[in-house]
Amino acid sequence: MGSFALSLLAMLCSAGCATVYSPPLANRISLEPELTENVSVIFIEATPDLGNWGKLPQIAGYFRQSAVESFYFDPDVHGDAQALASWIRHERVERGRRVLLVGWSYGLVQALDALKCLESTDVRVDTLVSVDCFLLNYHRGEELQPKNADRIVLIYRDCAQLPTGFLCPVVHRIETCNHLAVPGHARTMDVLFREAIRLRQISSNPGPPEIPATPQENEISFPDLTLVVR
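Rules behind the numbers
- Counting starts from 1 at the beginning of each chain's written sequence and moves along it residue by residue.
- In view of the model being predicted, local features appear only for residues whose pLDDT reaches at least 70, and side-chain atom pairs are presented and counted only at 80 or more, with totals across whole chains, interfaces and linings using the full set of residues.
- Where side-chain values are given, they derive from all heavy atoms of the structure, hydrogens and water being excluded.
- Only Phe, Tyr and Trp rings are paired, with Trp represented by its six-membered ring, and only when their centres lie within 6.5 Å; those with planes under 30 degrees apart are stacked, over 60 edge-to-face, the remainder tilted.
- Strands here mean DSSP runs of E at least two residues long; helices mean DSSP runs of H or I at least four residues long; both are numbered from the N terminus.
- Only protein chains enter the accessibility calculation, which uses a 1.4 Å probe; a residue is then buried when its area is under 20% of its type maximum, exposed when over 50%, and partly exposed in between.
- Two strands form a pair only when DSSP identifies at least two bridges running between them.
- Think of a salt bridge as a Lys or Arg side-chain nitrogen and an Asp or Glu carboxyl oxygen that are within 4 Å of each other.
- Lines fitted to C-alpha atoms define the axes here, with helix axes fitted over just the stretch in contact, and angles between the N-to-C directions of these axes take values from 0 to 180 degrees.
- Under the convention used throughout, the expected extent of a helix is 1.5 Å for every residue step, that is, one less than its residue count.
- Two residues qualify as a contact provided that any one of their heavy atoms is within 4.5 Å of a heavy atom in the partner residue.
- Definition of nonpolar core: a set of buried residues of the types Ala, Val, Leu, Ile, Met, Phe, Trp, Tyr and Cys, connected through side-chain atoms within 4.5 Å.

Applying the stated rule across the entire model yields 4 aromatic pairs. Seen from their ring centres, Phe-73 and Trp-87 are 5.0 Å apart, and the 85° between their planes marks the pair as edge-to-face. Here the residue Phe-73 occupies a position in strand β2 (residues 69–73), and Trp-87 occupies one in helix α5 (residues 81–94), the gap between them amounting to 14 residues. You can call Phe-73 buried: its relative accessible area is 0%. Here the aromatic cluster, defined as three or more aromatic residues joined through ring pairs, consists of Phe-43, Tyr-62, Phe-63 and Phe-193.

To continue, consider the pairing of strand β1 (residues 39–44). Burial within β1 is extensive, with 6 of its 6 residues counted as buried. The side-chain alternation of β1 yields two buried faces, one formed by Val-39, Val-41 and Phe-43 and the other by Ser-40, Ile-42 and Ile-44. Summarising the sheet, β1 and strand β3 (residues 98–104) pair through 6 bridges and their orientation is parallel. Residue pairing in the sheet places Ile-42 in a bridge with Leu-101 of β3. Looking at chain direction, β1 and β2 are connected through 5 bridges and run parallel. Its bridge partner being in β2, Val-41 is matched across the sheet by Ser-70.

Quick look at the pattern of salt bridges now. Tallied over the entire structure, the rule returns 14 salt bridges. The partner of Arg-97 in a salt bridge is Glu-91, and the shortest N-O contact between them spans 3.8 Å. Each member of the pair, Arg-97 together with Glu-91, is buried. Between Asp-150 and Arg-124 there is a salt bridge, with its nearest N and O atoms 2.7 Å apart. Of this pair, Asp-150 sits in the loop between α7 (136–140) and β5 (152–157) while Arg-124 is found in the loop between α6 (107–118) and β4 (127–131), placing the two residues 26 residues apart along the sequence. Given a relative accessible area of 48%, Asp-150 falls into the partly exposed group.

Our next topic: the sheet that holds β5. Here 6 strands make up an open sheet; going across it, the order is β2-β1-β3-β4-β5-β6 and the pairing parallel. Of all the strands in the sheet, just β2 and β6 (170–174) have a single pairing partner and so form its edges. Neighbouring strand axes in the sheet, compared pairwise and without regard to direction, differ in orientation by 15° on average. Here 4 bridges tie β4 to β5, and the two strands are oriented parallel to one another. Across the sheet, Leu-128 pairs through a bridge with Ile-152, a residue of β5.

Moving on to unusual backbone geometry. A positive phi angle, close to 60°, is found at Lys-55, a residue other than glycine. Tracing the sequence through the fold places Lys-55 in the loop between β1 and α3 (56–65). We note that Cys-168 has phi near 50°; this positive angle belongs to a residue other than glycine. Among the secondary structure elements, Cys-168 is positioned in the loop between β5 and β6.

This next bit is on α6. Between its first and last C-alpha atoms α6 spans 17 Å; for 12 residues at 1.5 Å apiece the expected length is 16 Å, and the two agree. Among the 12 residues that make up α6, 9 are buried, leaving the element largely enclosed by the rest of the structure. Residues of α6 that are buried include every one of Gly-107, Leu-108, Val-109, Gln-110, Ala-111, Leu-112, Ala-114, Leu-115 and Leu-118, and no others. Its buried side turned inward, α6 meets β1, α4 (75–78), α5, β3, β4 and α7.

All right, on to the nonpolar core then. Formed by 33 residues in total, the largest nonpolar core has its most connected members in Val-41, Phe-43, Phe-63, Val-102, Val-129, Ile-155 and Phe-193. If you list the elements that add at least two residues to this core, you get α2 (24–31), β1, α3, β3, β4, β5 and α8 (186–204). Sorting elements by how many residues they give to this core places α8 first, with 7 residues. Not counting chain neighbours up to four residues away, the residues in contact with Ile-155 comprise Val-129, Ser-130, Val-131, Asp-132, His-172, Ile-174, Val-182, Thr-188, Val-191 and Leu-192. The next biggest cluster of nonpolar side chains, apart from the first, holds 29 residues, and it includes Ile-44, Ala-83, Val-99 and Val-123.

Pasting the structure below:
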């Protein structure tokens, strides 16, 4: 954890401010909330993120404003891996919803720990997303694939090394070397909305999911957060 914090601090010294972008799909889902019906997205904060560098609370809030049921989990506030596992169990078992688990940076380590806690109970998540978690193999070794995650998605900077040890992950490269810019990047946001739509479609359609066409992009503003499409 100490080496991770030092590496993160070094990147922060050379990085600019993080910006959150609005993908066109967000507008589409707002008008057609059934596109992500019965899907829960859990965003897991990086630790530490004392300055709200990655804007994860705003991203989770934006998903909610776009009619996607989402939750923000901060290990420093809400508890350890067992607490996160309880959140997952509640959504997956008690509510019977599809779960999209999104860990940004060290938050992905917290996600893996929570899934480990759930292994013995046969509670699964539909999709696990790693948003630019660097040094992951250093923290969790070479065998990373959780037994109870059906799909792995890796969203990483162009200049970041991908972790090894996941089975057949779906990889998306982001055109930036700024770690802090990855969570709210236009492509990241688009991928996350599409993954949410995919979960809804595979639950009701045995065939391959058909992602809606992309409408015209717009600039959208909310209190305390401006979402600009570029």
